[in-house]
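Below, each chain spelled out in residue letters.
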Amino acid sequence: MSNIDSLCPDRIAELVATAPASLEWQSPFYRKMHANPELSGQEEQTAGRIAAKLRDIDGQILTGIGGHSVIHVMRNPADDGTPGPVVLLRADIDGLPVTENTGSPFASVATARNDQGELVGTMHACGHDMHTTAGLGATFMLDALRDKWAGTVVTLFQPAEETTSGAQAMLDDELAEKIPAPDVCLAQHIVPGPAGQVMSMAGPALAGCDTITITLSGQSAHASMPHNAIDPTYLAAMIVVRLQGIVGREVAPQEFAVVSVGTLQSGNSNNTIPQTAKLVLNCRYYSEAVRQQVTAAIERIARGEAIASGCLHEPTFEYSCRGEITDNSDAVFASVRPAFDAVFGDDSVDAQAWTASEDFSVIPRGLGAPYLYWTVGATPRELWATGKNIPSNHMDNFLPDEEPVMAATTKALAAAALANLAAR
């Protein structure tokens, strides 16, 4: 990447501001997508709409890699035939099992069956509809600017981000063999913040996460005869209490970790001490060393409390929904941030590390490419100024301020791509 003739930030700002791309379709597309969310692994109609729109641009379209994915490959070699850099833009496309409560005229009233077969309301409560619309818009913008840059743009629309399974599924389905090898990967996410403000940083930007399911085996008995039981509910309660000491007493104060007990399941009747209990934990970190320290402490505490309760069997541990730490490349940040500053001026600001997690970084890790992940504010500015009742991702009233957020996310993705492509 350091050997290419790059577009300067001011030139990128000029191109983004004057790109001759027609983007009037973005708002209707976004609203259609928002009103018709599909859960992770079920994104068939969403993928179809994306692919149909991409057919308006010259390029190769790939579908169905690792699920309901859509990929557009735009090759634009230099005049001498050299291929130039390869830039991958990623957008996620799945919705959530949340019943919408925004009052929007295009609010979702859709329902779907979740993995347990339950009928649930569905909603784009995390902004993936905006990410997808911006990914398409940036691709159209770059297509309209083909005479200004050289290289290859791979726009990847990823399913099943919410279950942190889609990125790995695409790699497992030989993604690396089916697309040009990227020199850099780029992605973004809308978050609470002044609408249209672009927030970027180098280093750990999103936490890594694990779901840990602990199954405890006790001894069942009638509730009137607790002396005949080994009570797994009591054991689970003691483990919950002890887990709270990991972050407060074992993780160094300058480090970050979260250990939350999301589920405690035990028993089915009031007069029976059950045989088993189950804890489901959500854990987050900004470093692999802290991840290993915390998970070792969780297993030690659970085993120790089981011994203290006289259990005949050790607890079992199941790890799932692993999300890698999103650790932005210093070099990619150094190439993109000046472009953001030129395009957005005072609305290009430093990001703060976000405790949320996601699986974007699985793709560049698997493809051996450096990456950058940034965030864009989605809150109407007058609401943000009040500091009160700010909707956040995954809430049933989360709805971005459409016009400024759509413009900022589209321009940010295009500008970041141009900062890593070759200049003509």
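For clarity, every value in this text was computed on a predicted model and none was experimentally measured. (Residues numbered from 1 in each chain as written. Predicted model: local features only at pLDDT ≥ 70, side-chain atom pairs only at ≥ 80, totals over all residues. Heavy atoms only, no water.)

Visitor: With reference to specific residues and values, describe the nonpolar core.
Guide: Residues Leu186, Trp374 and Leu418 are the most contacted members of the largest nonpolar core, which totals 59 residues. No other element matches the ten residues that helix α12 (residues 402–418) contributes to this core. (Core = buried A, V, L, I, M, F, W, Y, C linked by side-chain atoms within 4.5 Å. Buried < 20%, exposed > 50% of the residue type's maximum accessible area, 1.4 Å probe, protein only. Helix = DSSP H or I, 4+ residues; strand = E, 2+ residues; numbered from the N terminus.)

Visitor: How would you explain the pattern of salt bridges if you had to name every residue and give the values?
Guide: Applying the stated criterion across every chain, the model contains 23 salt bridges. Salt-bridge contacts for Glu402 lead to Arg31; the nearest nitrogen and oxygen are separated by 3.0 Å. With a gap of 371 residues between them, Glu402 in helix α12 and Arg31 in helix α2 (residues 26–35) connect regions that are remote in the sequence. A residue is classified by how much of its surface remains accessible, and Arg31, at 37% relative accessible area, is partly exposed. Each of Asp210, Glu288, Arg291, Arg322 and Glu324 takes part in salt bridges that share partners, so that together they form one network. (Salt bridge = Lys/Arg side-chain N within 4 Å of Asp/Glu carboxyl O.)

Visitor: Any details on the layout of surface pockets? Residues and values, ideally.
Guide: Space inside the largest pocket adds up to approximately 470 Å³. What lines the largest pocket is a set of 24 residues, and nearest its centre among them are Glu162, Thr164, Arg284, Ser357 and His394. Breaking the lining of the largest pocket down by element, the ones donating at least two residues are β10 (208–217), β12 (257–266) and β14 (276–285). The element best represented in the lining of the largest pocket is β14, accounting for four residues. For the lining of the largest pocket, the class distribution of residues is nine nonpolar, eleven polar and four charged. Looking at the second largest pocket, the residues that line it are Leu39, Ser40, Gln42, Gly95, Leu96, Pro97, Asn114, Asp115, Gln116, Glu162 and Thr163. Considering only residue class, the lining of the second largest pocket consists of three nonpolar, six polar and two charged. (1 Å grid on protein atoms, 1.4 Å probe; cavity = no way out; pocket = protein on both sides within 12 Å on 5 of 7 lines; lining within 4 Å. Points joined across faces, edges and corners; volume = space filled by probe spheres on them. Nonpolar A, V, L, I, M, F, W, Y, C, P; charged D, E, K, R; others polar.)

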